[in-house]
Amino acid sequence: MGRLAWLSISLAVLLASADGQWLQQYLPDMETISIIGDLASMTSGMMDFLQQGQEYQTKEPADATPLPFSEYDFVIVGAGSAGAALAGRLSEIPDATVLLVEAGRGESLIMDVPLLVNYLQLNSEINWKYQSEPSDRYCLGMTNYSCQWPRGKVMGGSSVLNYMIASRGTSEDYDRWAKMGNKGWAYEDVLPYFRKLEDIEIEELKKDSRHHGVGGPQKVSSVPYRTPLATAFVEAGRELGYRTIDYNAEELGFSFLQTTLHRGTRMSSSTAYLHPARDRPNLVVSKRSLVTKVLIDPEKKEAYGVEFVKDRVKFVATARKEVILCAGAIGSAQLLMLSGVGPAAHLKEHGIPVLVDAPVGENLMDHIAFGGTIFTVDEPVALLATDIVNPANPYIREYLTRRDGPITIPGGCEALAFVNLGSPSSRGHADIELLFASGSIVSDPAFRYTLGLSDELWYKTYYEIEGKYSWCIFPLLMKPKSRGRLLLRDGDVNSKPRLYANYMDHPEDVKTLVTGIRASIAVAETKAMRKFGSKIHATPVAGCEGHPFDSDAYWECAVRTFPFTIYHYSGTCKMAPPEDPSAVVDPSLRVIGIKRLRVADASIMPEIVTGHTSLPCIMIAEKLADMLKDTWGYPR
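Structure report, in brief. This is a predicted model, so every value here is computed, not measured.

1. Overview of the packing of helix H17 (residues 507-524) against helix H19 (residues 552-561)
- With their axes 10 Å apart at the nearest point, H17 and H19 run at an angle of 100 degrees to one another. Classed by the angle they form, the pair H17 and H19 counts as roughly perpendicular. Contact residues: H17 offers Val510, Leu513, Val514, Ile517, Arg518 and Ile521, while H19 offers Asp552, Trp555, Glu556, Val559 and Arg560.
- Broken down by class, the residue content of the contact of H17 with H19 amounts to seven nonpolar, no polar and four charged.

2. Notes on H17
- Under the 1.5 Å per step criterion, the end-to-end length of H17 is 27 Å for 18 residues, consistent within 8% with the ideal 26 Å.
- Those residues of H17 that sit buried are Asp509, Val510, Thr512, Leu513, Val514, Gly516, Ile517, Ala519, Ser520, Ile521, Val523 and Ala524.

3. Thoughts on the environment of Ala625
- Checked against the element boundaries, Ala625 lands in helix H20 (residues 614-631).
- Residue classification places Ala625 among the buried residues on the basis of a relative accessible area of 1%.
- Excluding anything up to four places from it in sequence, Ala625 contacts Leu86, Arg89 and Leu90.

4. Observations regarding the state of the cysteines
- Scanning the model with the defined rule gives two disulfides in all.
- Residue Cys139 pairs covalently with Cys147 via a disulfide, S to S 2.1 Å. Here Cys139 and Cys147 share a disulfide; its torsion about the S-S bond, -110 degrees, makes the bridge left-handed.
- Judged by its relative accessible area of 0%, Cys139 falls in the buried class.
- Here Cys147 falls in the buried class, since its relative accessible area comes to 2%.
- There is a disulfide in this structure between Cys544 and Cys557, and the S-S distance comes to 2.1 Å. Across the S-S bond linking Cys544 and Cys557, the dihedral sits near -85 degrees, which makes this disulfide left-handed. In this pair, Cys544 sits in the loop between strand S23 (535-536) and H19 while Cys557 sits in helix H19, placing the two residues 13 residues apart along the sequence.
- With its disulfide-bonded cysteines labelled consecutively along the sequence, the protein chain is connected as 1-2, 3-4.
- No disulfide involves Cys472; its sulfur sits 7.3 Å from the nearest other cysteine sulfur, which is in Cys413.
- By relative accessible area, which is 2% here, Cys472 ends up buried.

Here is what the cut-offs are and how they apply
- Residues numbered from 1 in each chain as written.
- Predicted model: local features only at pLDDT ≥ 70, side-chain atom pairs only at ≥ 80, totals over all residues.
- Heavy atoms only, no water.
- Axes fitted to C-alpha atoms, helices over the stretch in contact; angles between N-to-C directions.
- Helix = DSSP H or I, 4+ residues; strand = E, 2+ residues; numbered from the N terminus.
- Parallel < 35°, antiparallel > 145°, perpendicular 65-115°, else oblique.
- Contact = heavy atoms within 4.5 Å.
- Nonpolar A, V, L, I, M, F, W, Y, C, P; charged D, E, K, R; others polar.
- Expected span 1.5 Å × (residues − 1).
- Buried < 20%, exposed > 50% of the residue type's maximum accessible area, 1.4 Å probe, protein only.
- Disulfide = S-S within 2.5 Å.

Below is the structure:
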């Protein structure tokens, strides 16, 4: 498991050093007896954790290999944020049979340790490890000029790899979807599904029954531990004139994170929706099963099943009612094209018979930021990997025994702000998210490799502060005007598609990002942040030395060198009315031109939401579950 294994082994070695002698050398000022006591406590906690991990895996639906040519009412492709939720809801129908096909393995408890998220993305067993196509306009500081695009290949999908931020987007997002002709997708239409999916565990938000739900499958809670820097960040917001808000009810302001954590541990969509479905006989889950294409009758233009490969054996599963693609903005688009639905000329180029000429793969969107807005501090108040694994500190023991401490922080992220920085098109709604982390890319050795930073960028720009206490803000562009494109590499499902991000093609995107960087600097200059000696890391970004520091040209160069993606790929199977030439699916999520085939994931978003995409994907699945029940006469 690469560096994740290294960290796990390191922790195990520390916990197994029961004689305390190594620790005594490392920490000569401590009493051996107290160290042994700490080790005994940590060892006991590790044993409990391992036992809980074994119990955890028994709660997930068991892997089942369907018989050849098995038939089900619904066949769902992909067990990610949307697919797991949809399978869970449809399996609540006693007389409906559901097959869920997932390319990845089962989830494990170590994947759900919040601070380890950066290490998970290094693991090719659970990460598809896509990469954008090389560019001379962006990703200039990455190896081969290509940005890493992680996607979950595991039960729970990208809800296992993400930073666990529970964010829905704004009312304007969904009202715009409806104004674009997507009837039934306005804010008042989708809000009930956000309430339905949620079990809010933040006490002060439970009373807001309009915006929050109690008793849904997905737990939403605060992070149990908070650094002084996170508190200062929210104070800085007030100092700058912003309110402290519930960002899932209001639109502009600062806030600590709402997260998909439960008792200090990640709750993926698989945990939320499939663990309760573990013993339902009508749900069949086939893991490590790669769908190669959707089976479509070329005469009737009707989907009737899927073909997939498991253990090198080809299987066919048929659907009596419908096939639903929940493979994400990359996977769903790729499968549609391999199945004959996509741009006709492109499909013919790869020898794929064209069933429907459709703009699949267009409208690709993502949220990006500058990844190097880093501020060093004079005090040890930030997260540092060496502190976490240092046995002199109580952090490992706190997590193992109480699920508390800094290890509960999702990848180092603790707070955020949605702000309007004057973009003419924003009309009072957020155009930038300031995502605060109580560490930075120099705090943890995993970051450099997770992001694929080039040696030149690392050693010329960041190496000098490696391992120093720091914090950062990722100023995320919320409403990109640029659009990318996904194309097939060839006709083989095992070949990763060509991903043209086209970051910052539109000049307004650059202007907004530069404004966001300056807003991040303004936060650092508040009294709240200056009390820790916050100071911007001003070493010029490699390749940008020719521009004056803090000039517009410098920041444009910097963000083109180091665009930080927050992994919100979306839009490649755009939802729009059938008469719209840009449409792939209609407002009922049916693939236009093909019967009994729908798509439900981030790919259907006509415009990306102002926020993070995991909860909106679950909402989409919840809404589709009701649509399918209505279509086929099942009670809601």
